[in-house]
Amino acid sequence: MDGNGRWAKKRFMPRFFGHKQGVDALVRTVLGCADRGIDYLTVFAFSSENWKRPTEEVSGLMGLVLVAVAKYLGKLASHGVRIRIVGDRNQVSDKLRQAWEQAEASTAHNTRITLSVAFNYGGRWDIVQACRQAIAAGLPADQLDEAALTRFMALSHAPDPDLFIRTGGEVRISNFLLWQAAYSELVFSDCLWPEFGDAELDAALAEYARRDRRFGTVESPATASARIET
Ligand code: IPE
Ligand code: MG
């Protein structure tokens, strides 16, 4: 979800205003995905590197999370959204941790769509923490394979993403889902995150539908099964 600061700057407003609008874009997108039958949505809300931003922006973002949970948790819960937080919870305040726990606990039974919010998250962090957990669990080295490690990843509750969208015009992954996005289709949009809505979501899905996914083989599973059936 990139481009909040630039969106605000274009309007001669403080960056925080962009983050605030970004929350609305997130809620819109979660409900838009649920309406389209998407079962899992994972968003990058705050990276392990975002702590390096000016203190007032960081504290503004932390406060915004509390406000957003208070404002939107009921709505998301009533639309069948299950919320999961992925990231290192040790560094965040007790208040924020409690808000996350409340969001997770009160939506745990929901089944329409799983929203994973990556917060204080980094793809490399996740790989390292999964290795640490595997070692702590006493997993022997010869049993540590991709499937075994996947079970320790912060996103073990979700399948690998089919589609990876980055807004804001930058063409890089910036330490998001490094492990899980191995075969994701990447879509980069110039749209600034606060402007993201149904039209941009549908454009990304249409772009995804045009892609030929081969997973390292010569034909996609869809093409192969169509060939076998005919
Ligand atoms: C993304 O928007 C939101 C967060 C990282 C919290 P930015 O804050 O990176 O916005 P730009 O890139 O400066 O426009
Ligand atoms: Mg940015």
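Each residue is numbered by its place in its chain's sequence as written, counting from 1. Chains carry letters from A onward and ligands carry numbers from 1 onward, assigned in written order. Per-residue local features are limited, in this predicted model, to residues with pLDDT of at least 70; the limit for side-chain atom pairs, both in listing and counting, is 80 or more; totals at the level of whole chains, interfaces and linings are taken over all residues. To get the side-chain values, take all heavy atoms of the structure and skip hydrogens and water.

1. Here we look at the overall build of the chain
Okay, step 1: Only DSSP runs of H or I reaching four residues or more are called helices, and only runs of E reaching two or more are called strands; each is numbered from the N terminus. A count of helical and extended segments in the chain gives eight helices and five strands.
Okay, step 2: Starting at the N terminus and walking to the C terminus, you meet the elements of the chain as α-α-β-α-β-α-β-α-α-β-β-α-α.
Okay, step 3: In summary, the chain has a C-alpha radius of gyration of 19 Å against a globular reference of 17 Å for 230 residues, a match within 12%.
Okay, step 4: Structurally, the chain occupies a C-alpha span of about 55 × 45 × 35 Å along its principal axes.
Okay, step 5: For the chain, the residues scored as buried account for 43% of the 230 residues in total. To get the radius of gyration, use the C-alpha atoms; to get the globule rule, take the number of residues to the power 0.38 and multiply by 2.2 Å. Type-normalised accessible area, obtained with a 1.4 Å probe on protein chains alone, sets the label of each residue: buried when under 20%, exposed when over 50%, and partly exposed for intermediate values.

2. Examining the pairing of strand β4 (residues 163–166)
A regular strand places its side chains on the two faces of the sheet in alternate fashion.
Okay, step 1: Along β4, the buried face is formed by Phe164 and Arg166; none of Leu163 and Ile165, which line the opposite face, is buried.
Okay, step 2: Pairing between strands is defined by DSSP: at least two bridges between them are needed. Note: β4 against strand β5 (residues 185–188), four bridges, orientation parallel. Bridge pairing links Arg166 to Phe188 in β5.

3. A word on the site of ligand 1
Okay, step 1: Whether a residue is near a molecule or strand depends on its heavy atoms: if one lies within 4 Å, it is near. All residues adjacent to ligand 1 are Met1, Asp2, Gly3, Asn4, Gly5, Arg6, Arg15, His19, Ala45, Asn50, Arg53 and Leu61.
Okay, step 2: Counted as a polar contact is a pair of N or O atoms within 3.5 Å, where, for protein atoms, one must be capable of donating a hydrogen and the other of accepting one, and residues adjacent in sequence contribute only when both atoms are in side chains. Between ligand 1 and Asn4 there is a distance of 3.1 Å, counted from an oxygen atom to a backbone nitrogen or oxygen.
Okay, step 3: At 2.8 Å, a side-chain N or O of Arg15 approaches an oxygen atom of ligand 1.
Okay, step 4: Computed with the Shrake-Rupley method and a 1.4 Å probe, the accessible areas treat only the protein chains shown as cover for residues. With the chains in place, 86% of the 390 Å² that ligand 1 exposes on its own is no longer accessible.
Okay, step 5: Listed by contribution, the elements that provide at least two residues to the shell around ligand 1 are α1 (4–10) and α2 (15–35).

4. With respect to the sheet that holds strand β2 (residues 81–86)
Okay, step 1: Taken together, three strands build an open sheet; the order of strands is β1-β3-β2 and the sheet is parallel. At either margin of the open sheet sits one strand with a lone partner, and together these are β1 (40–47) and β2. This sheet shows a mean twist of 20° between the axes of neighbouring strands, independent of strand direction.
Okay, step 2: Examined bridge by bridge, β2 and strand β3 (residues 113–121) share six bridges and lie parallel to one another. When the bridges of β3 are listed, Arg82 appears paired with Thr114.
Okay, step 3: Residue contacts are counted whenever heavy atoms from the two residues lie within 4.5 Å of one another. Lines fitted to the C-alpha atoms define the axes, with helices restricted to the stretch that makes contact. Angles between their N-to-C directions range from 0 to 180 degrees. In this fold α2 packs onto β1, β2 and β3, with an angle of close to 145° to the strand it touches most, β3.
Okay, step 4: Each of β1, β2 and β3 is contacted by helix α3 (residues 55–78), which is oriented at about 155° to β2, the strand it contacts most.

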